[in-house]
There are 4 protein chains.
Amino acid sequence: MLHFDCDYMEGAHPEVMRRLLETNLEQTPGYGCDSHTERARKLIRQACDATQAEIHLLVGGTQTNATVIDGLLRRHEGVLSAASGHINVHEAGAIEASGHKVLTLPSYDGKVRASEVEAFIDGFYRDETWPHMVAPGMLYISHPTEFGTLYSLDEMEALHAVCQRHGIPLYLDGARLGYGLAADGNTLSLPDIARLCEVFYIGGTKVGTLFGEAVVIPRPELLPHFFTLVKQHGALLAKGRLLGIQFETLFTDGLYRQIARQAIRTAMKLKKALLAKGYRCYIDSPTNQQFFVLPNREIDRLNQYATFELWGARGEEESVVRFVTSWATTDEQIDALIARL
Amino acid sequence: MLHFDCDYMEGAHPEVMRRLLETNLEQTPGYGCDSHTERARKLIRQACDATQAEIHLLVGGTQTNATVIDGLLRRHEGVLSAASGHINVHEAGAIEASGHKVLTLPSYDGKVRASEVEAFIDGFYRDETWPHMVAPGMLYISHPTEFGTLYSLDEMEALHAVCQRHGIPLYLDGARLGYGLAADGNTLSLPDIARLCEVFYIGGTKVGTLFGEAVVIPRPELLPHFFTLVKQHGALLAKGRLLGIQFETLFTDGLYRQIARQAIRTAMKLKKALLAKGYRCYIDSPTNQQFFVLPNREIDRLNQYATFELWGARGEEESVVRFVTSWATTDEQIDALIARL
Amino acid sequence: MLHFDCDYMEGAHPEVMRRLLETNLEQTPGYGCDSHTERARKLIRQACDATQAEIHLLVGGTQTNATVIDGLLRRHEGVLSAASGHINVHEAGAIEASGHKVLTLPSYDGKVRASEVEAFIDGFYRDETWPHMVAPGMLYISHPTEFGTLYSLDEMEALHAVCQRHGIPLYLDGARLGYGLAADGNTLSLPDIARLCEVFYIGGTKVGTLFGEAVVIPRPELLPHFFTLVKQHGALLAKGRLLGIQFETLFTDGLYRQIARQAIRTAMKLKKALLAKGYRCYIDSPTNQQFFVLPNREIDRLNQYATFELWGARGEEESVVRFVTSWATTDEQIDALIARL
Amino acid sequence: MLHFDCDYMEGAHPEVMRRLLETNLEQTPGYGCDSHTERARKLIRQACDATQAEIHLLVGGTQTNATVIDGLLRRHEGVLSAASGHINVHEAGAIEASGHKVLTLPSYDGKVRASEVEAFIDGFYRDETWPHMVAPGMLYISHPTEFGTLYSLDEMEALHAVCQRHGIPLYLDGARLGYGLAADGNTLSLPDIARLCEVFYIGGTKVGTLFGEAVVIPRPELLPHFFTLVKQHGALLAKGRLLGIQFETLFTDGLYRQIARQAIRTAMKLKKALLAKGYRCYIDSPTNQQFFVLPNREIDRLNQYATFELWGARGEEESVVRFVTSWATTDEQIDALIARL
């Protein structure tokens, strides 16, 4: 049976495993005060061209979002997000559990528009009852989005500009950032993101590590007591060096980009084959998540050989499905799936 | 340089690493729905003689405490704990951050007394202003405690009885539980703990895994939506199978007890040597943490060869220090330290 | 200048003031343990035909909503509400501040539909990722709504039925309940509401008192420690007798209904006059809030004589405005406004 | 029967009631945007000699404490308080419910010592694990304390200095402030308090109003969005003018001080009589709360004529009792009590 359900079905990239094994009996201090973490930080700063950046390595995405957002907002503020944003749907209310409202914007295949962010904030302060309402205190975006789509550099510049104009931080959830950076046609680099965002994270869990998300704060004075907040949110790993070693490995010799590229290559091969078969994209994604409309009986037939996610019905006869590739997807696997189409 | 600072300086027990490597490219569903986690649950249920128990595998101790306590308490309730309890001191206010007060009891080398729990609760309800105060809604204990001490079976029966009498759950933080179970003179077994506690966790981070704490809920109807709470607290690991594989390994062929025993053996060897040298225990601990009073100049001398924790001054000339062994401590290491005493 | 901005521009009904003055130097215990509060509770129980009901008197609407919702929900749950609901818009995030998400439903002039509540809950549990999402834990409605509209008895029966089916409580925000009960064509009585809702409150602030909202819990075992929660939310008035005296007065000799009826009478007189002038309702409200579309130049002209709320633009030439009457509105005032139309 | 249980047994001072009645049918905007509130603010600023101060009028003490503390602290911080402080005991966990730990200091008849505040903060940052702990983010004191005692000007200067040194705000809970200002031997004035504290409140509930506490923020940039926080905490009164009218009255022609003085005069008369009878003070209080040790049989006898609070047992034969006077206590009442001693 083939599996294209998601991008966290395997363990870690073999090189990551090799390094974890190799360093296993080293004795290091805990909580990220070890030399591997220090080296990972240095490598990430270099990759982001952000020499002053503070880097914190956390375990998973939901805890990272909750901790960062809690750190950036004051109590009277909420976070702007696409209605489809992960924080608004699939984090079990983690943002609200730390006291903050998610203020929703329309989602365009997972993306928000700078003009609508502007309109929301303008409209908010034009309503004279605004002091009775939750103030928009930051903007959350994901890149790639939950639908595999990407912001262009121009779109990011526009989001940055509107945030600057209103004095609110821009935070980018990069759970799948590697796949965005490696996508064909991508116009955004890590240094661009570090320049345009107040905080962002570089996802490891879905891009080669066992787990781990690297939070980058280019101008660290913005989040002065982040370490304690990480601890308070239960997001501080005792053996921080496990995160350090993994990110050190990913950011050595371009491994992060190289393994992400593999996922893109297999995803594009599949996309091409599906289009050639006459199926149509539900969303036109350049990354490792492919959303297609397939006839239900074709889905049933394929399910004999492969698992993938049923995204929702489209009328009586068709459904949207999602195929996901990852750093671990091989050409053999993708060819075997294509052979069954 | 030798290191006796804490019990999370290394990675994982080699057998755990071997299994992680061996299973690395298996494809499994996420969030603990894989067969390794299922098997780990079964093995833990057997070890606890608790066939109905629900088992959740979380990443770290602070997140486990915050999630369990948040799940057990209603909004008007707080958690009883020794003033020295980890939740009251070293979790950066995680309990309060989810809305609950820590109600403190005197600490006797880290332990609380059933009689004082009883007195607290009686006194609370005897004060007619009690509806204006935070009600004691559960009891938190750690075993071994932060000071390495252990509850006896009798003491645990007494704590259980007082909790039953007042209808509040008893929760045991077992971050170092393995070292307690393996200690000389220990009278508490896993089945005892499962019988006497409403919730407890079996620590992995400090006892052989890379990370991981296994929450055991012997009567699961007590915490009906715990999975969602774990997610909300950011404590749900995407690749849950990493936890499953590690606990599966620990609970196969008695590995958990065997590796804990090694830490006890080395700790006792060190204790004996320190006593033989004429030093006195600050706390008489039967587990892997040894607290001794040493002359300051002796500490300075030893620090040339070994690191360990300075716990606090005792007058001008002496200080309390903590030596910690773990599953990874070798006889060579402990002999080398003893040779320097 | 005439004022029709809102229904809390004056102090209290003269009879309420008379009683406050008359009892001013009585000495009573605090926190609602006085005989006036006891008598108010008895009168409200009688009016609701709910002999077992627990009654708590709080000061204002936002604190009442936040306290009740916090008491009804478990940590993993959120509250269903019309997107236009007061808790979702004008309470500055009070619900999220106590840790809960507001789950929004479409608003039909402020009302929600039982079929859509059903569809939301069904859809929620049909999505297999539901344990990662905030569960719908209760339904919040307001009656009259923020737009002056009313649920019929049939609609309330349907909402009750869907809540029962899914085992979630129904909570009715009755900030303006008096005006609903007194409206022409109203089909809902206090005993109906007490039968169909798990919790509701009878608003005083907008209907004759200086302040005060009476929370009714027909089956009090649902909220066992509500008093402490009221205290925790800072919603417990030291001199609780002030609330007792006011509600005692309102529920003596039918005063509550009688003064609400006065507001309805003047509102209907104004509505009739506006319709006769050829203006059209923006929302067809049978209660004390009237929403009409008026030409902007007519609004400007009227503003020389009267204040009222500008609700929003309708194209270039027209706007929606809101006129509000209250128990304090006199025939002289309404006639003076009509004369200026 | 005479009553000396507490200082909130009556309604409001007759002059306050007269003004509420007189203004009852005035039409004003809500939420504190009326001219009475504006005038009250001006009068309070004058009384405090704090021309730039922002003044917010809230309803009760617990909500005021919770809102101010939530506004002053960042998420990783807690509030220093005497263990006996109202926020640590009798507010049902309101501080923790908004996410913050109360960090306790020893209580000396309700007071904290500057030297111990200093030692706490020094000790905190000397412990190298401090980033894992809740940082002391502000100091809470009450004046008069829960035990009727007062800080001297020197003591306040010292507390101010230690707070300044460590960059944390000093907040004074003035629920009974009037009685402190009017006490014999008091050395603190309102301008002193406004100079030495970052935030404080002037209590109305216990000193002449029906309810109401005036929060004074001498340098308002410290709490920039306090209005929204007040709303979020459910502490914003719709008819804010009720607060405005009451404080306007209290701060016209020295009424606040004059009525507080009456409570002090009667309290001192009682104290003198009790001492003359040979009873001893449990705490030597110069304000309206008097704590005395009385034989149990004398307490039983007195309870035939008067109610007062039983504070706790002193051995088998004696108990501590509390007598409280207020602005409403008359010479007739106090003489009647003295006659029964």
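This one's a predicted model, so the numbers in the text were calculated from it and none came from an experiment.

A tally of regular secondary structure across chain A gives 14 helices and 13 strands. When the backbone C-alpha atoms are referred to their principal axes, chain A occupies close to 60 × 55 × 35 Å. Each of the 341 residues in chain A was classed as buried or not, and the buried ones make up 58%. For chain A, long-range pairs separated by at least 24 residues make up 76% of all intrachain contacts whose partners lie at least 6 apart in sequence.

This paragraph deals with the confidence of the model for chain A. In this model, chain A carries a mean pLDDT of 97, and residues with pLDDT of at least 70 account for 100%. Overall fold confidence (pTM) sits at 0.97, and the ipTM for the predicted complex is 0.97.

By a simple turn and slide, chain B fits onto chain A: the slide is 0.0 Å along the axis, the RMSD is 0.0 Å, and the turn is 180°. On this basis, the relationship between the two copies can be described by a two-fold rotation axis. Of the residues that chain B buries at the interface, 100% are likewise interface residues in chain A, meaning the two copies contact each other through the same surface.

Relative to chain A, chain C is turned by 180° and slid 0.0 Å along the rotation axis, the superposed coordinates differing by an RMSD of 0.0 Å. Comparing interface residues between copies, 100% of those in chain C also sit at the interface in chain A, which points to an isologous, same-surface contact.

Taken residue by residue, the interface counts 15 residues in chain C and 15 residues in chain A. Taken together, the residues of the side of chain C that touches chain A sort by class into five nonpolar, eight polar and two charged.

Here we come to the interface of chain B and chain A. Many authors give the size of an interface as the accessible area that is lost as the parts come together. With 41 residues of chain B at the interface, the matching set in chain A holds 41 residues. Elements with a minimum of two residues in the side of chain B that touches chain A: helix 1 (14–22), helix 3 (61–72), helix 5 (94–97) and helix 10 (226–232) of chain B. Classifying every residue of the side of chain B that touches chain A gives 21 nonpolar, 16 polar and four charged.

All names here are of chain D. Pairing is antiparallel across the open sheet formed by four strands, whose spatial order is 9-10-13-12. Looking at the sheet topology across the chains shown, the edges are occupied by strand 9 (280–283) and strand 12 (309–314). Neighbour-to-neighbour, the strand axes of this sheet turn through a mean angle of 35°, independent of strand direction.

Residue and element names in this part refer to chain B. Counting buried residues in strand 5 (residues 135–142) gives eight out of eight residues, a clear majority hidden from the surface. As paired elements, strand 3 (residues 77–82) and strand 5 share four bridges and run parallel to each other. Bridge pairing links glutamate 77 to alanine 135 in strand 5. In this sheet, strand 6 (residues 170–173) lies alongside strand 5 in parallel orientation, the contact comprising four bridges. Paired with isoleucine 141 across the two strands is leucine 172, which belongs to strand 6. Each parallel crossover has a hand, and for strand 5 linked through helix 7 (residues 153–166) to strand 6 it is right-handed.

Cis geometry is found at the peptide bond from B:His143 to B:Pro144, where omega equals -5°. As for its position among the elements, B:Pro144 is in the loop between strand 5 and helix 7. Located in the positive-phi region is C:Asp49, a residue other than glycine, with phi close to 55°. Mapped onto the fold, C:Asp49 is located in the loop between helix 2 (35–48) and strand 2 (54–58). Accessibility expressed as a C-beta count within 10 Å gives 14 for C:Asp49, which makes it partly exposed. In this model, C:Ala92 sits at a positive phi of 55°, which is unusual for a non-glycine residue. Inspection of the secondary structure puts C:Ala92 in the loop between helix 4 (86–89) and helix 5 (94–97).

A few words on the nonpolar core. Counting 436 residues, the largest nonpolar core has A:Val216, B:Val216, C:Val216 and D:Val216 as the members making the most contacts within it. The contacts of C:Val216, once residues within four sequence positions are left out, are C:Ile44, C:Cys48, C:Ala50, C:Ala53, C:Ile55, C:Ala194, C:Phe200, C:Tyr201 and C:Ile202.

Now for the environment of A:Met1. Residues and elements named next belong to chain A. Tracing the backbone shows methionine 1 in the segment before strand 1 (2–3). For the pair methionine 1 and alanine 336, spaced 335 residues apart in the sequence, the C-alpha separation amounts to 10.0 Å. Those residues in contact with methionine 1 that lie beyond four places of it in its chain are Tyr305, Ala306 and Thr307.

Now for the sheet that holds strand 2 of chain C. All names here are of chain C. One open sheet accounts for seven strands, arranged 2-8-7-6-5-3-4; its pairing is mixed. Edge positions in the sheet fall to strand 2 and strand 4 (102–105), since each has one partner strand and no second. Taking each pair of neighbouring strands and ignoring which way they run, the sheet shows an average axis angle of 25°. Here strand 7 (residues 199–203) pairs with strand 8 (residues 213–217) via four bridges, running antiparallel. Bridge pairing in strand 8 links phenylalanine 200 to valine 216.

Residue and element names in this part refer to chain C. Here seven bridges tie strand 10 (residues 289–295) to strand 13 (residues 318–324), and the two strands are oriented antiparallel to one another. If you follow phenylalanine 291 over to strand 13, its bridge partner there is arginine 322. Of the pairings in the sheet, the one linking strand 12 (residues 309–314) to strand 13 comprises five bridges and is antiparallel in character. Paired with leucine 310 across the strands is valine 321, a residue of strand 13. Turn length for the strand 12-strand 13 hairpin, with the two strands adjacent in sequence and antiparallel, is three residues, and the turn residue glycine 315 shows positive phi of about 70°.

Quick notes on the rules
Residues numbered from 1 in each chain as written. Chains lettered and ligands numbered in written order. Predicted model: local features only at pLDDT ≥ 70, side-chain atom pairs only at ≥ 80, totals over all residues. Helix = DSSP H or I, 4+ residues; strand = E, 2+ residues; numbered from the N terminus. Buried ≥ 20, exposed ≤ 12 C-beta atoms within 10 Å, placed from the backbone. Contact = placed C-beta atoms within 7 Å. pLDDT = per-residue confidence, 0-100. Least-squares fit on C-alpha atoms with pLDDT ≥ 70 in both. Nonpolar A, V, L, I, M, F, W, Y, C, P; charged D, E, K, R; others polar. Pairing = 2+ DSSP bridges. Axes fitted to C-alpha atoms, helices over the stretch in contact; angles between N-to-C directions. Right-handed = clockwise from strand over helix to strand, strands pointing away. Core = buried A, V, L, I, M, F, W, Y, C linked by C-beta atoms within 7 Å.

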